[in-house]
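# Topology and contacts: notes
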Amino acid sequence: MARVRREGLRALPGRPLLYASAESHLAWLKIAHATGIGREAVRLVRAGPGLRMEAARLAELVAADRARGDLPFLVVATAGTTGAGVIDPLHDLAGLCQDHGLRLHVDAAYGGAAALSDRLRPVLDGIERADSITLDAHKWLSVPMGAGALLTTDAEGLAETFRVTTSYMPDEIQGTVDPYTSSQQWSRRFMGLKLFLSLAVAGRAGYAEQLERDAGLADALREGLAATGWKIVNDTPLPVVCFADPGDGTWERHEALARAVVESGRAWISPVRLDGRAALRACVISHRTALADVEDLVDAVNKART
């Protein structure tokens with residue numbers, strides 16, 4: 001670690017690789033570019049049934065890459081993919097990482113909020129085995145952009161990465177952590193204040209009520225769409241509903257349907273590709289959304305289809 005800190009990637013005996021689902025947020029390509037390991041260091045694992053990353057397929061890739069002299073070091077699981085709200089098999093991936101000496105990061109930027117609900121929390125079973133977790137409060141916790149957080153079990157590793165000592169900065173104060181010692185930024189806004197205030201007002205119980213309500217509205221949306229002939233194409237306990245026109249599966253068709261709904265001003269939905277297949281995506285994420293809005297969306301997409 002110390003040599004890598006001093007010399008960078010040239011201190012490594014091979015090419016470092018990380019693994020993420022092809023359905024994951026592709027910010028990992030930007031991250032790999034920015035950190036200097038290069039975009040080819042990101043191995044996108046094709047999703048299996050239900051659009052989830054398969055541990056067996058991942059194990060095969062890791063073994064083949066190591067046989068070529070590469071250096072696998074990280075697996076990224078997703079707890080709530082952007083496209084379909086899918087949660088990867090966290091226990092399976094954690095076991096694989098333990099067996100192969102890899103770090104496990106869980107991108108729970110969206111779905112991690114489910115931990116605040118006693119009813120929804122079980123969908124995140126296994127996340128406690130991760131070495132690090134991403135959570136974005138500006139997604140499902142209804143606070144303004146941006147309020148992202150990184151949680152890690154390796155406090156010393158985090159400090160070793162960012163620690164710099166200099167005479168003009170305050171000495172270490174016992175029992176406190178100065179943000180400049182745990183991030184790239186030396187000066188930071190108090191981004192956590194917006195979440196703190198929301199929690200102070202609503203509390204965990206208030207958030208749990210909202211999250212469970214959103215999940216219920218998504219179920220109502222699925223039922224309304226299925227009852228009017230749409231095909232639900234994703235499987236998730238989170239309030240992301242992906243649906244397709246069974247009569248015309250082309251991208252152009254779904255792009256036109258989304259555009260018609262958005263231009264009507266009644267709702268905002270988007271076209272999405274899931275394992276290469278076209279669909280429409282609706283995400284119930286606002287505390288202002290009501291059952292009447294869900295019913296209006298069903299009516300809007302049906303009118304766009306005619």
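Scroll up to find the structure.
Residues numbered from 1 in each chain as written. Predicted model: local features only at pLDDT ≥ 70, side-chain atom pairs only at ≥ 80, totals over all residues. Heavy atoms only, no water.

Here we take up the nonpolar core. Judged by nonpolar contacts, the single largest core of 54 residues is most densely connected at Leu 58, Val 75, Leu 104, Val 106 and Trp 140. For this core, the leading source of residues is helix H4 (residues 90–100), giving 5 residues. Not counting residues up to four positions away in its chain, the partners in contact with Val 106 are Ala 77, Ala 79, Leu 90, Ile 127, Ala 130, Ser 132, Ile 133 and Thr 134. (Core = buried A, V, L, I, M, F, W, Y, C linked by side-chain atoms within 4.5 Å. Buried < 20%, exposed > 50% of the residue type's maximum accessible area, 1.4 Å probe, protein only. Helix = DSSP H or I, 4+ residues; strand = E, 2+ residues; numbered from the N terminus. Contact = heavy atoms within 4.5 Å.)

Turning our eyes to something else, we now look at the pattern of salt bridges. In total, this model carries 17 salt bridges according to the counting rule given. Note that Asp 70 and Arg 15 form a salt bridge whose closest N and O atoms lie 3.2 Å from each other. Highlighted residues: Asp 70 in the loop between helix H3 (55–67) and strand E3 (71–78) and Arg 15 in the loop between helix H1 (2–7) and strand E1 (16–21), separated in sequence by 55 residues. The salt bridge involving Arg 57 is made with Glu 54; its shortest N-O contact spans 3.4 Å. Judged by relative accessible area, which is 31%, Arg 57 ranks as partly exposed. Several salt bridges converge on common partners, so that one network encompasses Arg 266, Asp 296, Asp 299 and Lys 303. (Salt bridge = Lys/Arg side-chain N within 4 Å of Asp/Glu carboxyl O.)

Let us look at the sheet that holds strand E5 (residues 132–136). What holds strands together in a sheet is hydrogen bonding between their backbones, with the strands either parallel or antiparallel. The strand order E2-E1-E3-E4-E5-E6 describes an open sheet built from 6 strands, whose pairing is mixed. Here the strands that pair on one side only, and so sit at the sheet edges, are strand E2 (42–45) and strand E6 (148–152). On average, each strand axis in the sheet is inclined to that of its neighbour by 20 degrees, with strand direction left out of account. Pairing of strand E4 (residues 103–107) with E5 involves 3 bridges; the strand directions are parallel. (Pairing = 2+ DSSP bridges. Axes fitted to C-alpha atoms, helices over the stretch in contact; angles between N-to-C directions.)

Further remarks concern the side chain of Gln 210. Here Gln 210 lies in helix H7 (residues 192–227). Apart from residues lying up to four places away in sequence, Gln 210 is in contact with Trp 140, Ser 142, Ile 285 and His 287.

So, on to the side chain of Arg 222. Within the secondary structure layout, Arg 222 lies in helix H7. In terms of polar contacts, Arg 222 uses its side chain to reach the side chain of Asp 219, at 2.8 Å. At a separation of 3.4 Å, a polar atom in the side chain of Arg 222 contacts the main-chain carbonyl oxygen of Val 240. Those residues in contact with Arg 222, other than ones at most four positions away along the chain, are Ile 232, Thr 236, Leu 238, Pro 239, Val 240 and Val 241. (Polar contact = N/O pair within 3.5 Å; in protein donor to acceptor, adjacent residues only side chain to side chain.)

Here 4 strands make up an open sheet; going across it, the order is E7-E8-E10-E9 and the pairing antiparallel. Edge positions in the sheet fall to strand E7 (231–232) and strand E9 (270–274), since each has one partner strand and no second. Sitting on the sheet, helix H8 (residues 251–264) is in contact with strand E8 (240–244), E9 and strand E10 (277–283), with an inclination near 150 degrees to E9.

Moving on to the layout of surface pockets. Vacant regions in the atomic arrangement are exposed by a probe of water-molecule size rolled over the atoms. Taken as a whole, the second largest pocket holds about 570 Å³ of empty space. Together, 21 residues line the second largest pocket, and Glu 172, Thr 176, Val 177, Asp 178 and Thr 181 are the ones closest to its centre. By residue class, the composition of the lining of the second largest pocket is 9 nonpolar, 7 polar and 5 charged. (1 Å grid on protein atoms, 1.4 Å probe; cavity = no way out; pocket = protein on both sides within 12 Å on 5 of 7 lines; lining within 4 Å. Points joined across faces, edges and corners; volume = space filled by probe spheres on them. Nonpolar A, V, L, I, M, F, W, Y, C, P; charged D, E, K, R; others polar.)

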